[in-house]
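Here is how the chains run, residue by residue.
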Amino acid sequence: MCEVAIEDQGCEITDMEQCSTLGERGVMVVTPHRRVDPPISVVWTTLLYCAEFVTAGVLCSMYHKSEDVIWMSLTIIFMLLPAVLIQLTLTFIHRDLGQDRSLVLFLHLLQLGPVIRCFEALVVYFKAGKKEEPYVTITRKITLEGSLEVPKELEIGQTERILATHRNAFKRMAIIQAFLGSTPQLTLQLYATIQEKYILSTRLALMIITLISITYGALVCSVLAIQVIYDNYKVQLRPGAYLCMVVWRALEITTRVTTLVLFSTALTHWVILVGMANLLFFFFLPWVEFWARKGTLAEGVEKNFSKLGTTVVLCMFTLLYACINVFCWSAVKPDLTHQELIERKQSWSSLVMYYSGRFVENFVLITLWYYFKSDFYEYVCAPLLVVQLLVCYSLAVLFMLLFYQFCHPCRRLFKYNIHDCLRCVCCRRAGRRARSRRGNMPPSYSTAATMVLVPEEPLVLLDPHNSLPPDVARQLEAQESSA
């Protein structure tokens, strides 16, 4: 699959199906063995994890010295909860429980699992190429070259497979860290800053790190969604696509967090109701669709799991899906009957409904804050702040549309794109306006029956004999005279 950040695309190993479309040339291109790509995303995710954990720990010590028990307790919860889930995720993906790796498991207990995993990935990378690979695996991908679909075969060695496992694990880790730890941490620290009316340097550093972590996690969600939906294709994202996604996600998340924090400063207890309603709605939505389809639980999630274990894993998956959608678009639609738990098609209707509903919700929350805001905002231009938040969210939607229209790596495979949808909407509106105008206009010669006056025919031409040929007319006259 595609590697987030600067890594070369198409480096993840998956079992590919036999491609049915060979393009116009019908040539299978065999790509020789490539140089192993460095695990940059693994190092980057580990740095974000360590930076956020250490900064949150320093901030907790400062809260302890100032006896801010509430802020300290919540900061510790949002620091340890994602860390524990990350250790479990890494252990589950690498299957260490059935192996004799006591040191690694001990480091996981100390919440240092990502550090030792990153060290292992770097060791594997630097040892690559020094020994001949015992075997290679052939994987097939379809590359889009203009209007052609060219299948290619890639040789994958054992080293690349090990690094791909590390990359997959750290992608999941980045999403868990972003939406189960960084988003509530950022919301809490921003709320504490407004309530205490001053900015701590450590708190500001933590907010910046968490915002970077959330943006990166949302970026990973978008890339993984593309790879799952277009699994048979080798996806190559250009720098312009990454830039467009970063701006889209950063504006979306910043606007959403700011809206929730401002609303919580005016109506503190109501924000709990809003957050829980969002969380429960997105948590139960996949289950309701699953029960409506009368499907069966996905098999093959884990061979050694019982039905209870599979249900627990699916509940954790839907919880993560709900936490993502509370703050931003998850870019995927869960399908609990599928083995990969994700629906393999682009859901445009879900995308439109999500952003339309989220824009309305943000507008309502900002409006309520404007009418119930405290005296702290007397020196802030509240109307300008409301307009800025709405404009920022509109810009996030605009960059999202630009990405799907111009920067999506598989946009040639879309049956309909953003331009077609907008043109269809505009044509419908123009047709309705034209019909309404026609209904208000008086009848004209183009729509009503028209009577045309013509000169009368001579009486001679009205005789039926004159409509016959001359010979036939003479024979009829002779028959009438003899009779």
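Once a new chain begins, its residue numbering starts again from 1 and follows that chain's sequence as written. Two thresholds apply to this predicted model, a pLDDT of at least 70 for residue-level local features and 80 or more for giving and counting side-chain atom pairs, whereas whole-chain, interface and lining totals are computed over all residues. Only hydrogens and water are set aside when side-chain values are computed; all heavy atoms of the structure are taken into account.

By the naming in an unreviewed UniProt entry, the chain is XK-related protein, taken from Ameca splendens. UniProt positions are given in the numbering used here, feature names are shortened, and annotations may be inferred rather than shown by experiment. Its UniProt record, at the heading Subcellular location (unreviewed entry), says of the chain: "Membrane". Under the heading Sequence similarities (unreviewed entry), UniProt records this for the chain: "Belongs to the XK family."

Asker: Would you take a moment to explain the packing of aromatic side chains for this structure?
Answerer: Describing an aromatic ring pair means giving the distance of the ring centres and the angle of the ring planes. Aromatic rings from Phe, Tyr and Trp, taking only the six-membered ring of Trp, are treated as a pair when their centres fall within 6.5 Å; an angle between ring planes under 30 degrees marks them as stacked, one over 60 as edge-to-face, and anything in between as tilted. Taken as a whole, this structure holds 18 aromatic pairs when the rule is applied. With a centroid separation of 5.4 Å and 85 degrees between ring planes, the pair formed by Tyr354 and Tyr355 is classed as edge-to-face. An identical accessibility class is assigned to Tyr354 and Tyr355; each is buried. Ring pairing ties together the aromatic residues Phe281, Phe282, Trp329, Tyr354, Tyr355, Phe359 and Tyr393, which thus form one cluster. Definition used: whenever NZ (Lys) or CZ (Arg) falls within 6 Å of the ring centre and also within 35 degrees of the ring normal, the charge is taken to sit over that ring. Directly above the ring of Tyr198 sits Arg203, whose terminal nitrogen or CZ lies 5.8 Å from the centroid. The residue whose ring lies beneath Lys373 is Tyr370, and the NZ or CZ to ring-centre distance is 4.3 Å. Relative accessible area decides the class of each residue, using a 1.4 Å probe on protein chains only: under 20% of the type maximum gives buried, over 50% gives exposed, and in between gives partly exposed.

Asker: Explain the confidence of the model for the chain here, please?
Answerer: As a general rule, the predicted coordinates of low-pLDDT regions are not to be interpreted in detail. The quantity known as pLDDT measures the predictor's confidence residue by residue, on a range of 0 to 100. Residues of the chain with pLDDT of at least 70 account for 74%, and the chain-wide mean is 79. Note on definitions: a residue-residue contact is assigned when non-hydrogen atoms from the two residues lie within 4.5 Å. Confidence over residues 1–25 falls short of pLDDT 50; this stretch has 87 contacts with residues more than four positions distant or in other chains. Here residues 444–454 scores under 50 on pLDDT; set against residues more than four positions off or in separate chains, the count is two contacts.

Asker: Would you mind showing me how to read the pattern of salt bridges here?
Answerer: Side-chain pairing between opposite charges can occur once the charged atoms of the two side chains come close. We define a salt bridge as a side-chain nitrogen of Lys or Arg found within 4 Å of a carboxyl oxygen belonging to Asp or Glu. Following the criterion strictly, the structure yields five salt bridges and no others. The closest approach of N and O atoms between Glu196 and Arg203, which form a salt bridge, is 2.9 Å. Three or more residues joined by partner-sharing salt bridges are found here, namely Arg256, Arg358 and Glu361.

Asker: Where do I start with a nonpolar patch on the surface in this structure?
Answerer: To count toward a patch, a residue needs a relative accessible area over 30% and no salt bridge; like charges are then connected within 9 Å, while nonpolar side chains (Val, Leu, Ile, Met, Phe, Trp, Tyr) are connected within 5 Å. The protein chains shown are the only cover counted for residues, whose accessible areas, like all others here, come from Shrake-Rupley with a 1.4 Å probe. Taken together, Phe359, Val360, Phe363, Val364, Leu368, Tyr371 and Phe372 make up a surface patch of nonpolar side chains, about 670 Å² in accessible area. Secondary structure is summarised from DSSP: a helix means a run of H or I of at least four residues, a strand means a run of E of at least two, and numbering begins at the N terminus for each. By secondary structure assignment, the location of Phe363 is in helix H10 (residues 348–372). For Phe363, a relative accessible area of 42% gives the class partly exposed.

Asker: Can you help me understand the side chain of Ser330 in this one?
Answerer: Mapped onto the elements of the fold, Ser330 is located in the loop between helix H9 (307–327) and H10. Judged by relative accessible area, which is 3%, Ser330 ranks as buried. By the criterion applied in these results, polar contacts are pairs of N or O atoms within 3.5 Å in which, for protein atoms, one can donate a hydrogen and the other can accept it, and in which residues neighboring in sequence qualify only through two side-chain atoms. A distance of 3.2 Å separates the side chain of Ser330 from the side chain of Asn325, its partner in a polar contact. When near neighbours in sequence (up to four residues on either side) are disregarded, Ser330 contacts Cys221, Tyr321, Ile324 and Asn325.

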